[in-house]
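Summary of the model geometry
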Amino acid sequence: MRVLHTSDWHLGRAFHRVNLLGAQAEFIGHLVATVREREVDAVVVSGDVYDRAVPPLPAIELFDTALHRLADLGVPTVMISGNHDSARRLGVGAGLIGRAGIHLRTEPSAAGTPVVLPDAHGDVAFYGLPYLEPALVKDEFGVDKAGHEAVLGAAMDRVRADLATRARGTRSVVLAHAFVTGGQASDSERDITVGGVAAVPAGVFDGVDYVALGHLHGCQTLTERVRYSGSPLAYSFSEAGHRKSMWLIDLDADGSVTAERVDCPVPRPLARISGALDDLLADPELTRHEDAWIEATLTDPVRPADPMARLTERFPHTLSLVFAPERAPDDPQVSYARRLAGRSDQQIAQDFVAHVRGAGPDEHEETVLREAFDAVRADDAVREVAR
């Protein structure tokens, strides 16, 4: 069976105020053409179909177009909800849409109920594990501790239990939206840290033939059977070095996997340039970036006059300007944003406690802070769905 693995469409997302809907529509066209030309048997979309729980109407219309085009091909599609999606909204009409061969899996309770697709060698069971917010699904899975590994492990127990009841030789594909240990993050994924831990080990998925992951935006191979497809478009300048693609997976009769990357259309290349403004404007090596979307970091010791206007004369698609004069990290003039870069909410809060009283929080206080952040994040998720 030939499976096309994609994820993280983030329909409705902009890139530094640039509307990407046209580029996203071009990707959908490319996806449909790939399915047709490469004789794909099934498409899997591993979450974050939309960029937010209540997407704008043009994004919904593009999703509707994608559904119709995929259904017209007669090729089954399995989709799950991600942490950016509203599972309840995305799942509206799932039963009816399923009759057209588009299978939406947004309910955690259905983790052990697969979409079964036959080929010449027997059945392939596709299990959709939507994004599992630990605080909201721990009771459904009967786990004591609300953590990613616990709830994903319980969901996978249901998958393995169902798989054990099926005919010998039934192959299996799991769709999941999670941060798996070994994956490389970028700046554009929403933080899903719970209890101070974001990642789950790849071993939680043992026992299935292929795991189609979503959430991280870079295409990655964790093992031969566990892969991220990444997002089809770049959504932050941290993805400037990404090669955006989908995985074309051939699942053989014995469950062995052969994988090929299929490149996605690039609306405009990304480039990060850094240096003094006059140097950036004169450097002949930067000629190759003149048509790219640009993030420019200026290292001038004093902010130059009209930097954006001067930059756009040479680089007309400059979207982001960062002023970062070269200073020691402890220099009092280093910006607040630079001092906080790369630090979690928990670390920032602990630093604040240490600043106010002269000593950082003890183990019990760290737990209280962590539980408070987890509770707020879970409450935000509930409110987002309820809007």
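Here's a quick rundown of the structure.

Calculation rules
Residues numbered from 1 in each chain as written. Predicted model: local features only at pLDDT ≥ 70, side-chain atom pairs only at ≥ 80, totals over all residues. Heavy atoms only, no water. Helix = DSSP H or I, 4+ residues; strand = E, 2+ residues; numbered from the N terminus. Buried < 20%, exposed > 50% of the residue type's maximum accessible area, 1.4 Å probe, protein only. Pairing = 2+ DSSP bridges. Axes fitted to C-alpha atoms, helices over the stretch in contact; angles between N-to-C directions. Contact = heavy atoms within 4.5 Å. Lys, Arg positive; Asp, Glu negative; His and termini not counted. Salt bridge = Lys/Arg side-chain N within 4 Å of Asp/Glu carboxyl O. Polar contact = N/O pair within 3.5 Å; in protein donor to acceptor, adjacent residues only side chain to side chain. Core = buried A, V, L, I, M, F, W, Y, C linked by side-chain atoms within 4.5 Å. Disulfide = S-S within 2.5 Å.

Looking now at the overall build of the chain. Within the chain one finds 11 helices and 19 strands. Counting the 387 residues in the chain, one finds 48% classified as buried.

Below, the discussion takes up the sheet that holds strand β6 (residues 102-105). Pairing in this open sheet of six strands is mixed, and the strands run β6-β5-β4-β1-β15-β16 from one edge to the other. Looking along the sheet, the strands with just one partner apiece sit at the ends: β6 and β16 (257-263). Neighbouring strand axes in the sheet, compared pairwise and without regard to direction, differ in orientation by 20° on average. Along the sheet face, helix α1 (residues 21-37) touches β1 (2-6), β4 (42-46), β15 (245-251) and β16 and points at about 170° away from the line of β1. Taken strand by strand, helix α2 (residues 57-73) contacts β4, β5 (77-80) and β6, and its axis lies near 150° from that of β5.

This paragraph deals with the sheet that holds strand β19 (residues 318-323). The sheet built from three strands is open, its strands ordered β17-β18-β19 with parallel pairing. Strand pairing shows two members of the sheet lacking a second neighbour, β17 (270-275) and β19, which therefore form its edges. Recorded for the sheet is a direction-independent mean angle of 15° between the axes of neighbouring strands. Pairing between β17 and strand β18 (residues 293-298): six bridges, direction parallel. Across the sheet, Ser274 pairs through a bridge with Thr297, a residue of β18. This element, helix α8 (residues 307-314), spans β18 and β19 of the sheet and lies at about 135° to β19.

Turning to the pairing of strand β8 (residues 122-129), a few remarks are in order. A large share of β8 lies buried, amounting to six of its eight residues. Bridge count for strand β7 (residues 115-119) against β8 is five bridges, and the pairing is antiparallel. Within the sheet, the bridge partner assigned to Asp119 lies in β8 and is Gly122. The hairpin formed by β7 and β8 contains two residues between the paired strands. Where β8 lies against strand β9 (residues 171-177), six bridges are found, and the strand directions are parallel. The residue of β9 that forms the bridge with Leu129 is Ala176.

Quick look at the side chain of Asp8 now. You can see Asp8 is positioned in the loop between β1 and β2 (14-15). Buried charge without a partner: Asp8 forms no salt bridge, and the closest opposite charge is Arg13, 7.6 Å away. Polar side-chain contacts of Asp8 include one of 2.7 Å to the side chain of Ser7. Among the polar contacts made by the side chain of Asp8, one reaches the main-chain amide nitrogen of His215 at a distance of 2.9 Å.

Another aspect to go through is unusual backbone geometry. Phi at Arg17 is positive, roughly 75°, even though this residue is not glycine. Tracing the backbone shows Arg17 in the loop between β2 and β3 (18-19). Of note in the backbone geometry, Glu39 takes a positive phi value of approximately 55° without being a glycine. Within the fold, Glu39 resides in the loop between α1 and β4. Relative accessible area serves as the criterion here: at 63%, Glu39 is assigned to the exposed category.

Right, let's talk about the side chain of His215 for a bit. Position of His215 among the secondary structure elements: in the loop between β12 (210-214) and β13 (220-223). A polar side-chain atom of His215 sits 3.4 Å from a polar atom in the side chain of Asn83. Filtering out sequence-adjacent residues up to four positions away, His215 remains in contact with Asp8, Asn83, His177, Ala178, Phe179, Glu189, Arg190, Ile192 and Tyr228.

Moving on, we get to the pattern of salt bridges. Tallied over the full model, the rule gives 17 salt bridges. Across the pair Glu260 and Arg38 runs a salt bridge whose closest N-O atoms are separated by 2.8 Å. Note that Glu260 is positioned in strand β16 and Arg38 in the loop between α1 and β4, a separation of 222 residues in sequence. Assessed through its relative accessible area of 35%, Glu260 is described here as partly exposed. Using a relative accessible area of 28% as the deciding quantity, one classes Arg38 as partly exposed. Among the ionic pairs, Arg171 bridges to Asp119, the shortest N-O distance being 2.6 Å. Placement of Arg171 in strand β9 and of Asp119 in strand β7 is noted, with a sequence separation of 52 residues between them. Here the salt bridges share partners, and the residues they tie into one network are Asp187, Arg272 and Glu295.

Here we come to the nonpolar core. Core analysis: the largest hydrophobic core is formed by 32 residues, its most contacted members being Leu129, Phe141, Leu152, Val174, Phe205 and Leu213. Leaving out residues up to four positions away in the same chain, Leu152 has contacts with Leu129, Leu132, Ala178, Val200, Val204 and Phe205. Formed by 28 residues, the second largest nonpolar core is a distinct cluster that contains Val40, Val43, Ala66 and Val75.

With that settled, consider the environment of Val262. Along the chain, Val262 falls in strand β16. In the structure, Val262 is positioned 228 residues away from Thr34 in sequence and 8.4 Å away in space, judged by C-alpha atoms. Look past the residues within four positions of Val262 in its chain and what remains in contact with it is His30, Thr34, Arg38, Lys244, Ser245, Met246 and Leu248.

By the definition in use, this model includes zero disulfides. Not part of a disulfide, Cys219 finds its nearest cysteine sulfur in Cys264, a span of 8.9 Å. A relative accessible area of 7% places Cys264 in the buried class.

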